[in-house]
Amino acid sequence: MPAYPVLRHLAPILLTALAGAAWAQTSAAPDKLHPWQSPPPRLTAEAYFTNLKDGDRIETPYLLKFGLSGGWGLAPIAQAGRARSGHHHLLVNRDLPLNFKEALPFNDQYIHFGKGQMETVLTLEPGTYTLRMLLADQKHLPHFVYSKPATITVTKKNTTDPATLSVKGVSLGLDGAVVKAPFRVQFHASALNVAHQAQKIPDTGHFRLTATPATGSGAPTVIDFAEGQTEVWLAPPVGSYNLRLEMVDNIDPTKRLTSPAVASVRVE
């Protein structure tokens, strides 16, 4: 049997194993975490779609949003980021590369988001497409951080101006108003770029989450995600909390890049 088909058959298995090894290696000496922060349930880091799944039927233009798990963060290519960081890439009708030591190409099938973006507007023509997210470093060398493929159908292309779909702001996502610890909080930035605070790149920011006991008693808990993280798993004491998500400017920490997002959650 030729070697190439065998490689393609084994590639998903090998990549999954390597992704787990990469997570273990980068997590061996983790940064200091807040006591409420909990390790993610899965040991592998993943780039993923937050509002699209395999089998979806959509109309374009469509605002596609990205997530990133496993404690990894976004780092624009303007300056080198620290470990466990990179920028998103959208692969259109392409498999994962077989050689992760080669830089990703620049074309319509490998779309780069080197400024730290968390979303893009799809303008695909009607048809069937397979999409996948892949994280890469400053030199566009892939990390073992990627999504499962999502095969979708574009049923119609509308005349909506794509520029109107991305509106500056932040939002936070919960799996429900009542949760058990640990629970995930997802962050999203629209028309804004996420970066490490230490990169000091103008017009970028990082997320800050504040949890205040709903009873009014007790001090607020503030967690800064200064290394570009876009989600967190929390395990606070049982109780009700008001959450506030802000985007803090990476040059001036007293400045907020947009209005905050708020939500309430009860931990049982």
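Keep in mind it's a predicted model, so treat the numbers as computed, not measured. What you see as residue numbers is a count from 1 along each chain, following the sequence as written. Note on the predicted model: pLDDT of at least 70 is required for a residue's local features to be given, and 80 or more for side-chain atom pairs to be given and counted; whole-chain, interface and lining totals, by contrast, use all residues. Excluding hydrogens and water, the side-chain values take into account all heavy atoms of the structure.

> Which residues make up the sheet that holds strand 11 (residues 169–173), and what values do they have?
When DSSP finds two or more bridges between a pair of strands, those strands are recorded as paired. Labels follow the DSSP assignment, with helices taken as runs of H or I lasting at least four residues and strands as runs of E lasting at least two, numbered in each case from the N terminus. An order of 11-13-17 is seen for the three strands of this open sheet, with the pairing classed as antiparallel. In the strand order of this sheet, the two ends are held by strand 11 and strand 17 (231–234), each with one partner. Neighbour-to-neighbour, the strand axes of the sheet open up by a mean angle of 20°, direction not taken into account. Direction of pairing for strand 13 (residues 183–190) relative to strand 17: antiparallel, over a ladder of four bridges. Its bridge partner lying in strand 17, Gln186 is registered against Glu231. Lines are fitted to the C-alpha atoms to define the axes, a helix being fitted only along its stretch in contact, and any angle between axes, read from their N-to-C directions, falls within 0 to 180 degrees.

> Describe the confidence of the model for the protein chain, listing the residues and the values that go with them.
Confidence of the predictor in every single residue is expressed as pLDDT, which spans 0 to 100. Summing up the model confidence of the protein chain, the mean pLDDT is 90 and the portion of residues at 70 or higher is 88%. Residues count as neighbours in contact if any of their non-hydrogen atoms are within 4.5 Å of one another. In this model, residues 1–30 is a region of pLDDT below 50 whose contacts with residues beyond four sequence positions or in other chains number 22 contacts.

> Break down the nonpolar core for me, citing the residues and quoting the values.
The nonpolar core is taken to be a set of buried Ala, Val, Leu, Ile, Met, Phe, Trp, Tyr and Cys residues, with the residues joined through side-chain atoms within 4.5 Å. Burial classes follow relative accessibility: with a 1.4 Å probe on protein chains only, a residue under 20% of its type's maximum area counts as buried, one over 50% as exposed, and anything between as partly exposed. Counting residues in hydrophobic clusters, the biggest one holds 51 residues, and the most contacted among them are Leu64, Leu90, Leu131, Phe207 and Leu209. Core analysis: the second largest hydrophobic core is formed by eight residues, Leu91, Leu96, Phe100 and Tyr146 among them.

> Which residues make up the environment of Phe106, and what values do they have?
Considering the arrangement of structural elements, one finds Phe106 in the loop between strand 5 (85–92) and strand 6 (110–113). Judged by relative accessible area, Phe106 falls into the exposed class, the value being 59%. Along the chain, Phe106 and His140 lie 34 residues apart, while their C-alpha atoms are 9.7 Å from each other. Once residues within four sequence positions are removed from consideration, Phe106 is found in contact with His112 and His140.

> Explain the pairing of strand 10 (residues 150–157) to me, using residue names and the numbers behind them.
Direction of pairing for strand 2 (residues 57–60) relative to strand 10: parallel, over a ladder of four bridges. Counted as the bridge partner of Glu59 is Lys156 from strand 10. Sheet topology note: the strand 8 (residues 127–136)/strand 10 ladder contains five bridges and is antiparallel. Following the sheet pairing, Thr128 is matched in strand 10 by Thr153.

> Go over the packing of aromatic side chains with me, naming the residues and quoting the values.
Two rings belonging to Phe, Tyr or Trp (six-membered ring only in the last case) form a pair when the distance between their centres is within 6.5 Å. Interplanar angles under 30 degrees mark stacking, angles over 60 mark edge-to-face geometry, and anything in between is tilted. On inspection of all chains with the given rule, the structure shows five aromatic pairs. Taking 5.5 Å as the distance between ring centres and 70° as the angle between the ring planes, the aromatic pair formed by Trp36 and Tyr241 counts as edge-to-face. With Trp36 in the loop between helix 1 (3–26) and strand 1 (47–49) and Tyr241 in strand 18 (residues 239–249), the pair connects residues that are 205 residues apart, well separated along the chain. For Tyr241, a relative accessible area of 7% corresponds to the buried category. With 4.6 Å between their ring centres and 5° between their planes, Phe100 and Phe144 make a pair best called stacked. One end of the pair, Phe100, is in the loop between strand 5 and strand 6; the other, Phe144, is in strand 9 (residues 142–146), with 44 residues separating them in the sequence. By relative accessible area, which is 24% here, Phe144 ends up partly exposed. Here the aromatic residues Phe187, Phe207 and Phe225 are joined through ring pairs into a cluster of three or more.

> I'd like a description of the sheet that holds strand 3 (residues 62–68), backed by residues and values.
Strand order in the open sheet made by the three strands is 1-3-7, with antiparallel pairing throughout. Two strands bound the open sheet, and with one partner strand each, they are strand 1 and strand 7 (119–122). With direction set aside, neighbouring strand axes in the sheet form an average angle of 30°.

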